[in-house]
Amino acid sequence: MTEPLIRHDWTLEEIAEIYHSPVLDLVFRAASLHRSFQDTAEVQVCTLLSIKTGGCPEDCAYCPQAARYHTGVKAEALLSKETVLEHARRARDAGSTRFCMGAAWREVRDNRDFDRVLEMVREVNGLGLEVCCTMGMLTEHQARRLQEAGLHAYNHNLDTSDTFYGEIIHTRTYEDRLRTLDHVRKAGVTVCCGGIIGLGESPRDRMAMLQTLANLSQHPESVPVNALVSVEGTPLEHRPRVDIWDMVRMIACARILMPRTMVRLSAGRMDFSIAEQALCFLAGANSIFTGEKLLTTPNPGFEEDQEMFRILGLKPRAAFKKEKEETAA
Ligand code: SAM
Ligand code: DTB
Ligand code: SF4
């Protein structure tokens, strides 16, 4: 009997065998699966907007928005609905099909700010964009309210393995993270969950994170793979730049373990050339964030990315597109 391609019972040993295989074999395997399940000519273009910047009470060691580090990011109040809509329209007109709003909160609270976010979600959804939010922990009730307002996805990253997590974040637990993901899933909102490489974790930690994601009862619809953007003033300011081959291995592994998922080449693109990014697309990445800023750090702008798409012959992917049923590679 042939092995099913969509599995939820990956062992760490199986993942290690994939992760450590010769890189060209690894990329070939990932690219073949990518071709079976996805349209490889297409890459989804997404835009991020920080709707509530800085002043966060959490202590995530990588994050420029944690109030306790001196990073030069100023704490700001929640943006107005009009400002957010203006950004969303601009993103849509520049070819983005997904709009992700980030808030530097530990958790969502049932207050007027949340009511305003619900209105933003309703209106951005009305523009025909896939709306995503990333605002920290959520209750199931809050996830339902977001779903009713038209939220398509909620981003909540595991960031790293459960064992390494405690080295990076002390103000909440891995279980807290998993609980929020469960609330999102139960409310019928799609799950966007991934991690960061370059925090000082071992390859084993990377594999363990992918194992946790792939062995969830349903694979996340979206898995962002971020390369650490080391920001001055954070405890990780001196971490060395992420090696492209680590990024390629991580993306290829994610693609092999979760063939139907959108794998997003997320933070860190400023350090990767077009040729390096092309390797990531070949390894199975099929989405990027575009626009001059991610949330608070620099990112290639629309025009630069348009030029990359022209050079590589890529097309932007439409909103709400379903993945292909598996076809012969
Ligand atoms: N506060 C919310 C939370 O933590 O879930 C939402 C915003 S938070 C900035 C979203 C994600 O951005 C984090 O989980 C982390 O994976 C990523 N991130 C934050 N700072 C980063 C950095 N310097 N480099 C790479 N990724 C980063
Ligand atoms: C994700 O995994 N990466 C994006 C999005 N989800 C919210 C955020 C990256 C943030 C990078 C640091 C910054 O710009 O503040
Ligand atoms: Fe706060 Fe999110 Fe940054 Fe952690 S990653 S400090 S929770 S904004």
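Fair warning: this is a prediction, and the values are worked out from it, not measured in the lab.

Novice: Before we move on, can you summarise the overall build of the protein chain with the specific residues and values?
Specialist: Within the protein chain, the regular secondary structure consists of eleven helices and ten strands. Along the longest, intermediate and shortest principal axes, the C-alpha atoms of the protein chain span 55 × 40 × 35 Å. A buried classification covers 56% of the 329 residues belonging to the protein chain. Nonlocal contacts in the protein chain, meaning residues at least 24 apart in sequence, comprise 77% of its contacts between residues at least 6 apart. A gap of 4 Å separates the mean positions of the 39 positive and 46 negative side-chain charges of the protein chain.

Novice: Hey, could you go over the environment of Ile6 for me, with residue numbers and the actual values?
Specialist: Here Ile6 shows up in the segment before helix H1 (12–19). Every residue in contact with Ile6, bar those within four places of it in the chain, is listed here: Phe37, His219, Pro259 and Arg260.

Novice: Mind laying out the site of ligand 1, listing which residues take part and the relevant values?
Specialist: In the vicinity of ligand 1 there are 17 residues, among which Thr134, Asn157, Asp159, Arg177 and Val229 approach most closely. Separating a nitrogen atom of ligand 1 from a backbone N or O atom of Ala103 is a distance of 3.4 Å. Between Trp105 and ligand 1, the recorded distance is 3.3 Å, taken from a backbone N or O atom to a nitrogen atom. Considering ligand 1 on its own, with 550 Å² of exposed area, one finds that the protein chains cover 90% of that surface. A class-by-class count of the residues in the shell around ligand 1 yields ten nonpolar, five polar and two charged.

Novice: Any details on the pattern of salt bridges? Residues and values, ideally.
Specialist: In total, this model carries 22 salt bridges according to the counting rule given. Across the pair Glu13 and Arg204 runs a salt bridge whose closest N-O atoms are separated by 3.5 Å. With Glu13 in helix H1 and Arg204 in helix H8 (residues 203–214), this pair connects stretches of sequence that are 191 residues apart. For Glu13, a relative accessible area of 53% translates into the label exposed. Across the pair Arg185 and Glu221 runs a salt bridge, and its minimum N-O distance is 2.9 Å. In this pair, Arg185 sits in helix H7 (residues 174–186) while Glu221 sits in the loop between H8 and strand E7 (222–227), placing the two residues 36 residues apart along the sequence. Taken together, the shared-partner salt bridges in this structure form one network comprising Glu58, Arg106, Glu107, Arg109 and Arg172.

Parameters at a glance
Residues numbered from 1 in each chain as written. Chains lettered and ligands numbered in written order. Predicted model: local features only at pLDDT ≥ 70, side-chain atom pairs only at ≥ 80, totals over all residues. Heavy atoms only, no water. Helix = DSSP H or I, 4+ residues; strand = E, 2+ residues; numbered from the N terminus. Buried < 20%, exposed > 50% of the residue type's maximum accessible area, 1.4 Å probe, protein only. Contact = heavy atoms within 4.5 Å. Lys, Arg positive; Asp, Glu negative; His and termini not counted. Charge placed at Lys NZ, Arg CZ, Asp CG, Glu CD. Near = heavy atom within 4 Å. Polar contact = N/O pair within 3.5 Å; in protein donor to acceptor, adjacent residues only side chain to side chain. Areas by Shrake-Rupley, 256 points an atom, 1.4 Å probe, with all protein chains shown as cover. Nonpolar A, V, L, I, M, F, W, Y, C, P; charged D, E, K, R; others polar. Salt bridge = Lys/Arg side-chain N within 4 Å of Asp/Glu carboxyl O.

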